[in-house]
Amino acid sequence: MFGGEGAHVAGFCLHAEALCGEFYDVYNVGVGVAFPVADVMGKGTGAALIAETVRAVLRSASVESDLETTFRKAAATLEGDLNNSGKFVTLFHARLHTSTGSLEYVDAGHGLTTIIRANGQPELLASEGFPLGLQMSEPWSVKTTRLEIGDTLISASDGVLDLFDGTISGLARAASGAHKLTSAHAIVDALKDLAVTHSVPDDVTILVIRRSK
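Calculation notes
- Residues numbered from 1 in each chain as written.
- Predicted model: local features only at pLDDT ≥ 70, side-chain atom pairs only at ≥ 80, totals over all residues.
- Heavy atoms only, no water.
- 1 Å grid on protein atoms, 1.4 Å probe; cavity = no way out; pocket = protein on both sides within 12 Å on 5 of 7 lines; lining within 4 Å.
- Points joined across faces, edges and corners; volume = space filled by probe spheres on them.
- Nonpolar A, V, L, I, M, F, W, Y, C, P; charged D, E, K, R; others polar.
- Salt bridge = Lys/Arg side-chain N within 4 Å of Asp/Glu carboxyl O.
- Buried < 20%, exposed > 50% of the residue type's maximum accessible area, 1.4 Å probe, protein only.
- Helix = DSSP H or I, 4+ residues; strand = E, 2+ residues; numbered from the N terminus.
- Contact = heavy atoms within 4.5 Å.
- Polar contact = N/O pair within 3.5 Å; in protein donor to acceptor, adjacent residues only side chain to side chain.
- Axes fitted to C-alpha atoms, helices over the stretch in contact; angles between N-to-C directions.
- Parallel < 35°, antiparallel > 145°, perpendicular 65-115°, else oblique.
- Left-handed = near helix turned anticlockwise from the far one by under 90°.
- Pairing = 2+ DSSP bridges.
- Core = buried A, V, L, I, M, F, W, Y, C linked by side-chain atoms within 4.5 Å.

Novice: I'd like a rundown of the layout of surface pockets, residues and numbers included.
Specialist: As a volume, the largest pocket reaches approximately 180 Å³. Lining the largest pocket are 16 residues, with Asp39, Val40, Met41, Asp158 and Asp202 positioned closest to its centre. The residue inventory of the lining of the largest pocket, partitioned by class, reads four nonpolar, six polar and six charged.

Structure (structure tokens):
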């Protein structure tokens, strides 16, 4: 769990096998916090090694770079490894300006991030880019929105859908009632309790960010 001025962050990753091909990360950048959630196609050692490489490259590329530059540097660095392995990575990568609530994000084929407003209204963040390793002619673009005080962002891997009905509506069900819980940690505990009581065929990764005063 990460707690900082202006944001409360918590997450978990439940492995279906010994090695995990997905991850979440949270780290400080000049404007606040950066946080990726990534899922590598496939399972086992190959996917786990790619996942660790993606994590390290994103952290390295974030030094003194804006989000768009960070993402493009990371994609260029990873291109050879992804081409050689035949794998691709869905990735949601964002930066929260903790003093203002401004949120910048890139969604590369991930499509599993939603904001629950303080009044309980859900807002799914659109995915308009291809996964890393499947880049076509369309470039990735940085989108912007805002987390107001009391808003909660939930980003997950597709394993969370297996906890419900296997469709995208499962993300909304995972997020339902989140605004009524007191913290990001409480939301994660509730979802983790649900995950460990299910026999899931895939890894489950969830990251929760609650904007605080």
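Novice: Mind laying out the pattern of salt bridges, listing which residues take part and the relevant values?
Specialist: If you walk through the whole model with that rule in mind, you get five salt bridges. Here Glu123 makes a salt bridge to Arg117, at a shortest N to O gap of 2.9 Å. The buried category is assigned to Arg117, whose relative accessible area is 17%. Ionic pairing is found between Asp151 and Arg117, a salt bridge with its closest N-O pair at 2.7 Å. Taken together, the positions of Asp151 in the loop between β10 (143-146) and β11 (152-156) and Arg117 in the loop between β8 (113-116) and β9 (122-124) put the pair 34 residues apart, joining distant regions of the chain. Both residues of the pair, Asp151 and Arg117, belong to the buried class. It is possible to trace a salt-bridge network through shared partners that takes in Arg117, Glu123 and Asp151.

Novice: Requested: an account of the environment of Glu22, with residues and values cited.
Specialist: Within the secondary structure, Glu22 is located in strand β3 (residues 22-24). Judged by relative accessible area, which is 4%, Glu22 ranks as buried. It is 5.8 Å that separates the C-alpha atoms of Glu22 and Val40, two residues lying 18 residues apart in sequence. With near-sequence residues (within four places) excluded, Glu22 lies in contact with Cys13, Ala38, Asp39, Ala51, Ser157, Asp203, Val204 and Thr205. One polar contact links Glu22 to Ser157, side chain to side chain, over a distance of 2.7 Å. Separated by 2.7 Å, the side chains of Glu22 and Thr205 make a polar contact.

Novice: If you had to explain the packing of helix α1 (residues 44-61) against helix α2 (residues 67-85) to someone new, which residues and values would you point to?
Specialist: Relative orientation of the contacting elements α1 and α2 amounts to 155 degrees, with a least axis distance of 8 Å. As far as their axial angle goes, α2 and α1 are roughly antiparallel. As for the relative orientation of α1 and α2, their crossing is right-handed in sense. Of α2, the residues touching α1 (which contributes Ile50, Thr53, Val54, Val57, Leu58 and Ala61) are Thr70, Lys73, Ala74, Thr77, Leu78, Asp81, Leu82 and Ser85.

Novice: Describe the pairing of strand β2 (residues 7-14), and please don't skip the residues or the numbers.
Specialist: With respect to burial, β2 is a largely interior element, six of its eight residues being buried. For β2 and strand β12 (residues 204-211), the ladder comprises eight bridges, and the chain directions are antiparallel. Looking across to β12, one finds that Ala10 is bridged to Val208.

Novice: Would you mind going over the nonpolar core in detail, with residue names and values included?
Specialist: Val54, Leu58, Phe71, Val89, Leu91, Leu132 and Trp140 are the most contacted members of the largest nonpolar core, which has 24 residues in total. Formed by 21 residues, the second largest nonpolar core is a distinct cluster that contains Phe12, Val160, Ala178 and Ile206.

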